[in-house]
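Architecture and fold: a report
Next come the chains, spelled out residue by residue.
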Amino acid sequence: MKTINKLGIFILLMGLLTSCVKKEEPTVSDLEKLRTSNNTKSYPAVQMDSAQVIKDITTQKVQQLLELSTLYLSGNKNTEIDNTIYSQMQGYFHNPDSLTLKPLFRELDSLKVKTVKVNNLQVYKEVQNQDTLDLAKFNVEYFDNKNKPIGTFERNARYTLISKEKKEFKFYFLSIYSKPKKDTTSVGVTR
């Protein structure tokens, strides 16, 4: 009985030792792995339709323009860096004009806005006199210099995508903080 127990323990230990021994596989160098790898396995492609891409680009452009505006207004407006910031802001517009940014500056300055955050941006198209307008409606949240909320306001922007070579597009604003088209339906009692 003792010899059977000893034999059983010996077989069990030998089985454990043989199962713990690593089998060596042929090693592949890191350089060879790089040569034979492709991104499809490690980075799955995220599919976005054109509407999602336009929405993301528009959100990014609105946020950048508003951040540059607050940065410009916090300066003296007469230094080289202020001139550079102003030129960069005008580059966001298809036909830059000195009056283009005035409504935005007036609002940000009157509320003493230091930081902004764009929320709930929606892009849509509107047909007006056989022209299709690309519009964006969004909420903008203003904060003061102590990062306390000033308020959230609904704003509009009109933009265009201009085709460049090789299926590329350039994004431009046509107007920012434009007034929404007034509804012609009268409200209240009419006689």
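Residue positions are counted from 1 within each chain, in the order its sequence is given. For a predicted model such as this one, the threshold for reporting local features is a pLDDT of at least 70, and the threshold for listing and counting side-chain atom pairs is 80 or more; totals across whole chains, interfaces and linings nevertheless cover every residue. Excluding hydrogens and water, the side-chain values take into account all heavy atoms of the structure.

Once that is clear, we can look at the packing of helix α4 (residues 50-74) against helix α6 (residues 102-111). Note on geometry: axes are C-alpha line fits, over the in-contact stretch for helices, and angles between N-to-C directions span 0 to 180 degrees. Numbering goes from the N terminus for both helices and strands, where a helix is a DSSP run of H or I of at least four residues and a strand is a run of E of at least two. Where α4 meets α6, the closest approach of the two axes is 10 Å, and the angle between their N-to-C directions is 65 degrees. Crossing of α4 against α6: the hand is right-handed. For the pair formed by α4 and α6, the contact residues are Leu66, Ser69, Thr70, Tyr72 and Leu73 on the first element and Leu104, Phe105, Leu108 and Asp109 on the second. Taken together, the residues of the contact of α4 with α6 sort by class into six nonpolar, two polar and one charged. Helix crossings fall into two classes, left-handed where the near helix is turned counterclockwise from the far one by less than a right angle and right-handed where it is turned clockwise. Contact criterion: two residues are considered in contact whenever any of their non-hydrogen atoms come within 4.5 Å of each other. Residue polarity follows a fixed list, in which Ala, Val, Leu, Ile, Met, Phe, Trp, Tyr, Cys and Pro are nonpolar, Asp, Glu, Lys and Arg are charged, and the others, Gly among them, are polar.

Packing of α4 against helix α5 (residues 80-90) brings their axes to within 10 Å, and their N-to-C directions diverge by 155 degrees. Here α4 lies roughly antiparallel to α5, going by the angle between them. Our pair here, α4 against α5, has a crossing hand that is left-handed. Contacts between α4 and α5 involve Leu65, Leu68, Ser69, Leu71 and Tyr72 from the former and Asp82, Ile85, Tyr86, Gln88 and Met89 from the latter. Each angle is binned into one of four classes, with values under 35 degrees roughly parallel, values over 145 roughly antiparallel, values of 65 to 115 roughly perpendicular, and all other values oblique.

Here a Phe, Tyr or Trp ring, Trp counted by its six-membered ring, pairs with any other such ring whose centre lies within 6.5 Å, and the pair is stacked when the planes are under 30 degrees apart, edge-to-face when over 60, and tilted otherwise. Following the criterion strictly, the structure yields eight aromatic pairs and no others. Here the aromatic rings of phenylalanine 93 and phenylalanine 173 are separated by 5.8 Å at their centres, their planes lie at 45 degrees, and the arrangement is tilted. Placement of the pair is phenylalanine 93 in the loop between α5 and α6 and phenylalanine 173 in strand β4 (residues 168-176), with a sequence separation of 80 residues. Each member of the pair, phenylalanine 93 as well as phenylalanine 173, carries the same accessibility label: buried. Note on phenylalanine 138 and tyrosine 177: the rings are 6.4 Å apart at their centroids and 45 degrees apart in plane angle, and the pair reads as tilted. Of this pair, phenylalanine 138 sits in strand β2 (residues 131-143) while tyrosine 177 sits in the segment after β4, placing them 39 residues apart in sequence. Tyrosine 177 shares its class with phenylalanine 138; the two are buried. A connected cluster of aromatic rings, assembled from ring pairs, spans Phe93, Tyr159, Phe171 and Phe173. Above the face of the tyrosine 177 ring, arginine 155 is positioned so that its terminal group lies 5.4 Å from the ring centre. Each residue's exposure class comes from its accessible area (1.4 Å probe, protein chains only) as a fraction of the maximum for that residue type: buried when under 20%, exposed when over 50%, partly exposed otherwise. In this analysis the charged atom, NZ for Lys or CZ for Arg, is taken to sit over a ring once it is within 6 Å of the ring centre and within 35 degrees of the ring normal.

Residue position: tyrosine 72 is located in helix α4. Residues tyrosine 72 and asparagine 83, 11 residues apart in the sequence, show an inter-C-alpha distance of 8.6 Å. Those residues in contact with tyrosine 72 that lie beyond four places of it in its chain are Lys77, Asp82, Ile85, Tyr86, Met89 and Phe105.

Another point: the sheet that holds strand β3 (residues 149-164). Strands qualify as paired when DSSP identifies two bridges or more between them. With antiparallel pairing, the four strands of this open sheet are ordered in space as β1-β2-β3-β4. Single-partner strands in this sheet number two, and they are β1 (115-128) and β4. For this sheet, the mean angle separating the axes of adjacent strands, direction not counted, is 30 degrees. With respect to the sheet, α4 is in contact with β1, β2, β3 and β4, its orientation differing from that of β1 by roughly 130 degrees.

Attention shifts here to the confidence of the model for the protein. Every residue is assigned a pLDDT by the predictor, reflecting its confidence on a scale from 0 to 100. Predicted confidence across the protein gives a mean pLDDT of 78, with 73% of residues reaching 70 or more. In the model, residues 183-188 has pLDDT below 50 throughout and makes zero contacts with residues more than four positions away in sequence or in other chains.

Before going further, it helps to spend a moment on the pattern of salt bridges. As a working rule, side chains carrying opposite charge can pair if their charged atoms are close by. Here, a salt bridge means any side-chain nitrogen of Lys or Arg that lies within 4 Å of a carboxyl oxygen of Asp or Glu. A complete count under the given rule lists two salt bridges for this structure. Across the pair arginine 155 and glutamate 107 runs a salt bridge whose closest N-O atoms are separated by 2.7 Å. With arginine 155 in strand β3 and glutamate 107 in helix α6, this residue pair connects regions lying 48 residues apart in the sequence. For the salt bridge of lysine 125 with aspartate 134, the shortest nitrogen-to-oxygen distance reads 2.5 Å. With relative accessibility at 60%, the residue lysine 125 sits in the exposed group. Judged by its relative accessible area of 14%, aspartate 134 is buried.

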